[in-house]
Amino acid sequence: MSLLSSVERAPRDPILGLTEAFKADDRSTKVNLGVGVYMDEAGKVPLLKCVSAAQQQLAEGRAPYGYLPIDGLKEYDDLVAGLVLTDPATGQTVVSRDRVAVVQGLGGTGSLKIAGDFLRSISTNGKLLISNPSWENHNALFSRAGFEVQQYPYYDPTGHRVDVDAMVAALGEAEAGTVVVLHACCHNPTGYDLSDQDWARVEQVVRDRGLIPLLDMAYQGFATGIAEDGAAVRRFAASGIVFVTTSFSKTFSLYGERIGALVVACTDADEAARVLSQLKIVVRTTYSNPPTNGASIVATVLADEQLRRQWEAELAEMRDRIKQMRTALVSGLAAARGDIDASHITDQNGMFSYSGLSKNQMVRLREEFALYGLDSGRLAIPALNPANIDRVVDGLAQVW
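Residues numbered from 1 in each chain as written. Predicted model: local features only at pLDDT ≥ 70, side-chain atom pairs only at ≥ 80, totals over all residues. Heavy atoms only, no water.

(A) Local environment of the packing of helix α11 (residues 293-303) against helix α12 (residues 305-336). With their axes 5 Å apart at the nearest point, α11 and α12 run at an angle of 105° to one another. Between α11 and α12, the interaxial angle falls into the category roughly perpendicular. Within the contact between the two elements, α11 uses Thr300, Val301, Leu302 and Ala303 and α12 uses Glu305, Leu307, Arg308 and Trp311. For the contact of α11 with α12, the per-class residue count stands at five nonpolar, one polar and two charged. (Axes fitted to C-alpha atoms, helices over the stretch in contact; angles between N-to-C directions. Helix = DSSP H or I, 4+ residues; strand = E, 2+ residues; numbered from the N terminus. Parallel < 35°, antiparallel > 145°, perpendicular 65-115°, else oblique. Contact = heavy atoms within 4.5 Å. Nonpolar A, V, L, I, M, F, W, Y, C, P; charged D, E, K, R; others polar.)

(B) Structural view of the pattern of salt bridges. Under the definition given, this model contains 15 salt bridges. With its nearest N and O atoms 3.1 Å apart, the salt bridge here joins Lys127 to Glu175. Pair noted here: Lys127 is in strand β5 (residues 127-132) and Glu175 is in the loop between α6 (164-171) and β9 (179-183), with a separation of 48 residues, a long-range link. Note on Glu175: relative accessible area 38%, which makes it partly exposed. It is possible to trace a salt-bridge network through shared partners that takes in Lys74, Asp78 and Arg97. (Salt bridge = Lys/Arg side-chain N within 4 Å of Asp/Glu carboxyl O. Buried < 20%, exposed > 50% of the residue type's maximum accessible area, 1.4 Å probe, protein only.)

(C) Local environment of the packing of aromatic side chains. Throughout the structure, instances matching the rule amount to eleven aromatic pairs. Consider the rings of Tyr155 and Tyr192, whose centres lie 5.7 Å apart with planes at 20°: the pair is stacked. Highlighted residues: Tyr155 in strand β7 (residues 155-156) and Tyr192 in the loop between β9 and α7 (196-209), separated in sequence by 37 residues. In this structure Tyr155 comes out as buried when scored by relative accessible area, which is 15%. Look at Tyr192 and you get buried, because its relative accessible area is 5%. Clustering of aromatic rings is evident, with ring pairs tying together Tyr76, Phe248, Phe252 and Trp311. For the cation-ring pair, Arg378 lies above Phe352, with the distance from its terminal atom to the ring centre recorded as 3.7 Å. (Phe/Tyr/Trp six-rings, centres within 6.5 Å; stacked < 30°, edge-to-face > 60°. Lys NZ or Arg CZ within 6 Å of the ring centre and 35° of its normal.)

Structural data, given as structure tokens:
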């Protein structure tokens, strides 16, 4: 008997497994509607002009590649704190920088991992709530961190909306000290976000019940704008402790750089210093310190007024293209079949759409039309472009 003979084969990741199946498909008409990557009209991952300019600046500087501090590039950490916490009305952060602990993370996933490990070490009850449904990796990340992961109601499939009443009621019954994972904007996988009034209700019940808010913000700027999409984060930060994970994979098109951050708004400077010291232990014992290049690119863009404006303009172009593809999909389906009302797709934000299709319908899409979406009915809208929209509409119309 081998030491490893009892090791079981793990199930394939639902998203990465779908991509593997897509790659193995030899049909020229195939479209990958499952992967969470922004693609331009040509179906390519774009290199943003602001990123290219920042890379040129960095290359000309010819800086050596030494180790970064455990918590990452300081300029990057400071700029990310400002990006996440600045109130556009005043131009000031809602909490002072000395009350904020920031660590550079390995993308949004790595930042969630740091948050999960730290929060489990201080958790009083070991319970954590995620939305139903949520990003598939949330359950895996926090379960492996040692949490008892449960769900709170979120999506109403009948009404194609957020069931905020059920959500608030469930949070109102949660045990004090429970961690609550909230999607700050562009909810993954549904695309349905809370309104300002909804956020006020959620924030109130979280504070009243003594819950610990962890806001996952991987898509800041993909719904309405940088400032607008960060409103929920600022609301929580202004009223007390909040954990925020952010990612620049999508918004800077820096997928392979694995660049994100964990931002923790604390009650005072001493608390922030103590929290940072513990976060650094988590980082040190996980990967020691983060990589340089992605942080340098993001920091260069955010620190340069001209590059910052260029980035926001390019981000707006991506956001607008996604909205245009949503509209094209809805109008195409209406033209293909008069009995289809897919208007809910244009009510959603961000990269994904909960189409409302069943698992059987999604299997038919893959098998009969080479259209690869998740069994949950989630579709990646940025995968659509003028060259494939008609094929996608035709397939959807035939299984709807």
